[in-house]
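So you can see what is in the structure, the chains are spelled out below.
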Amino acid sequence: ETFKWIRVENPSKEEMDLLVEQAQPFIITGMVQEWPAYKLWQDPQYLIDKIGPDTKIPVRTHFLKYSSNAEWLGEEKNLPFIEFFDHWRQNKTWSVETDAETEFYYLASLPMNKYFPSLAPDVIVPPHPAEQKKTGNLWIGNAGQITPVHYDFSTGDPGMDGIHGVIAGRKIFRLFDPAKNVGCFPRKKIWGRMHQAIVDLKTGLPDASIHPCYANARYVEIELQPGEALFIPKIWWHHVVTLEPAVAVNFWFQHLGSEKLKLGRHWPPLAEYLETLEHMDITHQKMKNVLQFHGFNKITDEEVEEYLRDPLKLMILEKFLHTFGNGTRAPWIAGPEASQVDR
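On a predicted model such as this, the values are computed, not experimentally measured, just so you know.

## Re the packing of helix H3 (residues 44-51) against helix H4 (residues 81-88)
Contact geometry of H3 with H4 gives a least axis separation of 10 Å together with a crossing angle of 160°. When the axis of H3 is compared with that of H4, the two are roughly antiparallel. Note that H3 runs across H4; the crossing there is right-handed. Judged by residue contacts, Pro44, Leu47, Ile48 and Ile51 of H3 engage Phe81, Ile82 and Phe85 from H4. Here the contact of H3 with H4 is built from residues that sort into seven nonpolar, no polar and no charged.

## What to know about the nonpolar core
Trp35, Trp41, Phe84, Leu107, Leu138, Ile163 and Val249 are the most contacted members of the largest nonpolar core, which has 40 residues in total. Here Phe84 is in contact with Ile57, Val59, Leu79, Tyr105, Tyr106, Leu107 and Ile140, once residues within four sequence places are set aside. With 36 residues, the next largest nonpolar core counts Val199, Ala217, Ile282 and Phe320 among its residues.

## Looking at the sheet that holds strand E9 (residues 171-176)
The antiparallel open sheet is built from four strands, whose spatial order is E7-E12-E9-E10. Among the strands making up the open sheet, the edge pair consists of strand E7 (146-150) and strand E10 (220-224). The average angle at which neighbouring strand axes cross in this sheet is 15°, direction not considered. Sheet analysis places E9 next to E10, joined by five bridges and oriented antiparallel. Across the sheet, Lys171 pairs through a bridge with Leu224, a residue of E10.

## Some thoughts on the pairing of strand E11 (residues 229-232)
Residues Ala229 and Phe231 point to one face of E11 and Leu230 and Ile232 to the other, with burial holding for every one of them. Examined bridge by bridge, strand E2 (residues 26-29) and E11 share three bridges and lie antiparallel to one another. The partner of Ile27 across the bridge, within E11, is Leu230.

## Considering a negative patch on the surface
A contiguous patch of negative charge on the surface is contributed by Asp301, Glu302, Glu303, Glu305 and Glu306. Along the chain, Glu303 falls in helix H11 (residues 301-309). What makes Glu303 partly exposed here is its relative accessible area of 35%.

## Thoughts on the pattern of salt bridges
The final tally for this structure, using the stated rule, is twelve salt bridges. We note a salt bridge from Arg170 to Glu244, for which the minimum N-O separation is 3.2 Å. Of the two residues, Arg170 is situated in the loop between strand E8 (161-168) and E9 and Glu244 in the loop between strand E12 (237-242) and strand E13 (246-253); the sequence distance between them amounts to 74 residues. Here Arg265 makes a salt bridge to Asp177, at a shortest N to O gap of 2.6 Å. Of this pair, Arg265 sits in the loop between helix H8 (256-260) and helix H9 (267-278) while Asp177 sits in the loop between E9 and E10, and the two are 88 residues apart along the sequence. Assessed through its relative accessible area of 32%, Arg265 is described here as partly exposed. Taken together, the shared-partner salt bridges connect Arg170, Glu223 and Glu244 into one network.

## Re the environment of Asn216
Tracing the sequence through the fold places Asn216 in the loop between E9 and E10. A sequence separation of 54 residues divides Asn216 from Leu270, and the C-alpha atoms of the two residues are 19 Å apart. Contact partners of Asn216, with chain neighbours within four places excluded, come to Asn181 and Cys184.

Rules and cut-offs
- Residues numbered from 1 in each chain as written.
- Predicted model: local features only at pLDDT ≥ 70, side-chain atom pairs only at ≥ 80, totals over all residues.
- Heavy atoms only, no water.
- Axes fitted to C-alpha atoms, helices over the stretch in contact; angles between N-to-C directions.
- Helix = DSSP H or I, 4+ residues; strand = E, 2+ residues; numbered from the N terminus.
- Parallel < 35°, antiparallel > 145°, perpendicular 65-115°, else oblique.
- Left-handed = near helix turned anticlockwise from the far one by under 90°.
- Contact = heavy atoms within 4.5 Å.
- Nonpolar A, V, L, I, M, F, W, Y, C, P; charged D, E, K, R; others polar.
- Core = buried A, V, L, I, M, F, W, Y, C linked by side-chain atoms within 4.5 Å.
- Buried < 20%, exposed > 50% of the residue type's maximum accessible area, 1.4 Å probe, protein only.
- Pairing = 2+ DSSP bridges.
- Patch = residues over 30% accessible without salt bridge, like charges linked within 9 Å, V, L, I, M, F, W, Y side chains within 5 Å.
- Areas by Shrake-Rupley, 256 points an atom, 1.4 Å probe, with all protein chains shown as cover.
- Salt bridge = Lys/Arg side-chain N within 4 Å of Asp/Glu carboxyl O.
- Lys, Arg positive; Asp, Glu negative; His and termini not counted.
- Charge placed at Lys NZ, Arg CZ, Asp CG, Glu CD.

Right, here's the structure in full:
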């Protein structure tokens, strides 16, 4: 659909506050260029020396082999960094054929503080995630690689705002306003994956011939260039295609302005999420684990079966309700207005 893209030069925290509340994507310029990484990471030897050639990292491979409901971005495999990096530097293009025939690696969303602490000083964390003590996640991929359509989510917190900054390469983002696409995405029914759509793995998008609801989806599209960052609003579905070998860092954060939208503009997609949860596919053991997460340290098999028969019992637990609106309870957001939204 027609969309007027806004470009904002390295916004301050106060400017970001106003922009986040509008719940629209926009391009951030002048921010990524200020990161030391923007220059330092152009040198392959710098990355090899900083990370260490023998450092083991988890990467994704065989994207097409994972089922529509199971793994995310393919099977996980631990490799020495140099093995992955040499593969990436061969500048191959991902395709259905290459995925089936060979190991084709994707370094996807690895927390830098855990896997690449030596690189963390090279990236200046934007104000909101910095205030919330969040660090970036590293992405390194080749041309043709896909991130299937989803929205950003963490356990017990349905929706986060995000910033995706491209250091090298180009990516195409397709974004779907949740308020304009209610009922358009068939959701996975597995606990922890209901923010992911059921897709045709060759495209990363739903097959409209199988899921006619997707035929009515409306979206906006942007080609993100090196040095640019994209703000992705909370609960906006998005799909990504890498156009050429690319390096990027993304951040997630919470914001009271976008949390308030859960009570109005974004309630319909959240109602969809809850309806999917009510009819989720879940094993006895997984339900037991979920209930233990929600505070049931000692629970019998008979009690677990009760929740399997009636998942609504899970959805009215105090901890579930609290985590559903987790953004309003975070210490960096807490205050009278946040308490009112939480209630």
